[in-house]
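Below are the chains, spelled out letter by letter.
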Amino acid sequence: MKRADGRSCDEMRPVRITTDFVKFPEGSALIECGDTKVLCCASVEERTPPHVKPGHGWVTAEYSMLPRANRERSRRDIDKLKLAGRSAEIQRLIGRSLRAAVDMEALGERTITIDCDVLQGDGGTRTASVTGGFVALALACRKLVEQGAVERNPIRGFAAGISAGIVDDTPMLDLQYSEDSRAQVDLNCVMDERGGIIELQGTGEGRAFTPEEQQALVHQGLRRTDHAAEESAGGGRMSPQILEASMLILFGCSWPVNIAKSVRAGTARGKSILYELIVCAGYVCGIAGKFLSAQTGWVVYIYILDLMMVLTDVALTLRNRYLDRLADERMRREHA
């Protein structure tokens, strides 16, 4: 079934994230999901709310739509002298989702507020706010590390959101407004980079839905949320994971050749086992860094593969050294 914009049912809209879109906040990002555009700014304050325990930080969010973000002008919340119920619900969702990605003890006694302002709404504004808000939050935390305000990065994992729903009894991913406004079922899902669910909201607006339908929508979102998490990690540029993986693959290409040479040569002459052990230590540090930063994605498997190849070459070098010693002893006996 083709949709109004030509997408397939399980296809996301194009996602673009522009970082440092605003000059003054500690972190900012403009996220564009199709025609939905949300500006997310992260502000750091050196204080925490009274309910936060000593030594810990806090992350909260505020959400609002510009009056003309929709097809018709809406009144500002300030004009109504109270926060709209929808805005209050959404900003609580954003805050909960982003707190799941932060080590509050590592953050220290400070508050990071994420302001999410919808510039243009075409469905999926709350999930776009989560993804864009995470980028702004990560940038603010990186700045705290660079300034020496925190000992380590408080970010302990990624967070990205996606919407899904059932329209005309057909499961669809990433609903735009024309679909969202007539959806029988509306579901918002926030996941981490491992596919774990942080927040799940499902509503049978037009009809009740079954657990099987809910799982189908969740799995549909899971297959695509990894893309949103990658975008949030890369900030709209080439993902650092791809560059890191490319480096590891290029370095790793040399080890099968070295292993083949070690097998054929049968000697360790001209090879430095110290160099190989230093390379092993480098890979071990890379793997440990991935686990300590809670970024145990697919790149860590390339680290492990490279490490196993180096260890194989180390084992062959040790074997060849043993063979070299046997050969030397044999030659000494023959000359004696």
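Going by the structure above, here's the rest.
Quick summary incoming for the structure in this document. All values derive from a computational prediction rather than experimental measurement. (Residues numbered from 1 in each chain as written. Predicted model: local features only at pLDDT ≥ 70, side-chain atom pairs only at ≥ 80, totals over all residues. Heavy atoms only, no water.)

Time to look at a nonpolar patch on the surface. Taken together, the side chains of Ile242, Trp298, Tyr301, Ile304, Met308 and Leu311 define a hydrophobic patch exposed on the protein surface, amounting to about 590 Å² of accessible area. Looking at the nonpolar patch, the element that brings in the most residues is helix α9 (residues 299-335), giving 4 residues. Residue placement: Trp298 occurs in the loop between α8 (273-292) and α9. (Patch = residues over 30% accessible without salt bridge, like charges linked within 9 Å, V, L, I, M, F, W, Y side chains within 5 Å. Areas by Shrake-Rupley, 256 points an atom, 1.4 Å probe, with all protein chains shown as cover. Salt bridge = Lys/Arg side-chain N within 4 Å of Asp/Glu carboxyl O. Helix = DSSP H or I, 4+ residues; strand = E, 2+ residues; numbered from the N terminus.)

According to the stated counting rule, one finds 22 salt bridges in the structure shown. Across the pair Asp122 and Arg71 runs a salt bridge, and its minimum N-O distance is 3.1 Å. Placement of Asp122 in the loop between β5 (111-120) and α3 (125-147) and of Arg71 in the loop between β4 (58-65) and α1 (85-99) is noted, with a sequence separation of 51 residues between them. Overall, Arg71 belongs to the partly exposed group, its relative accessible area being 48%. Salt-bridge contacts for Arg194 lead to Glu193; the nearest nitrogen and oxygen are separated by 3.7 Å. Salt bridges sharing common partners tie together Arg3, Asp5, Arg7, Arg13, Arg71, Asp122, Asp174 and Glu179. (Buried < 20%, exposed > 50% of the residue type's maximum accessible area, 1.4 Å probe, protein only.)

Two elements in contact, α8 and α9, have axes separated by 9 Å at closest approach and are oriented at 160°. On the basis of the axis angle, α8 is roughly antiparallel to α9. Regarding α8 and α9, the two cross each other, and that crossing is left-handed. Here the residues of the contact of α8 with α9 sort into 17 nonpolar, 2 polar and 5 charged. (Axes fitted to C-alpha atoms, helices over the stretch in contact; angles between N-to-C directions. Parallel < 35°, antiparallel > 145°, perpendicular 65-115°, else oblique. Left-handed = near helix turned anticlockwise from the far one by under 90°. Nonpolar A, V, L, I, M, F, W, Y, C, P; charged D, E, K, R; others polar.)

For the rest of this paragraph, the subject is the sheet that holds strand β1 (residues 15-19). In space, the 5 strands of this open sheet follow the order β1-β2-β3-β5-β4, with mixed pairing throughout. If you trace the sheet from one side to the other, it starts and ends with β1 and β4, each paired once. On average, each strand axis in the sheet is inclined to that of its neighbour by 20°, with strand direction left out of account. In terms of strand pairing, β1 meets strand β2 (residues 27-33) through 5 bridges, oriented antiparallel. Pairing of Thr18 across the sheet is with Leu30, part of β2. The strands touched by α1 are β4 and β5; relative to β4, the strand with the most contacts, the crossing angle is about 145°. On the sheet, α3 packs against β1, β2, β3 (36-45), β4 and β5 and is oriented at approximately 35° with respect to β3. (Pairing = 2+ DSSP bridges. Contact = heavy atoms within 4.5 Å.)

A word on the nonpolar core. The biggest cluster of nonpolar side chains holds 51 residues, and the ones touching the most others in it are Val59, Ile94, Ile112, Ile114 and Leu137. The element best represented in this core is α3, accounting for 10 residues. Filtering out sequence-adjacent residues up to four positions away, Leu137 remains in contact with Ala42, Val59, Leu98, Val102, Ile112, Ile114 and Ile155. Core analysis: the next-biggest nonpolar cluster, separate from the first, contains 18 residues, Trp255, Val279, Cys280 and Tyr303 among them. (Core = buried A, V, L, I, M, F, W, Y, C linked by side-chain atoms within 4.5 Å.)

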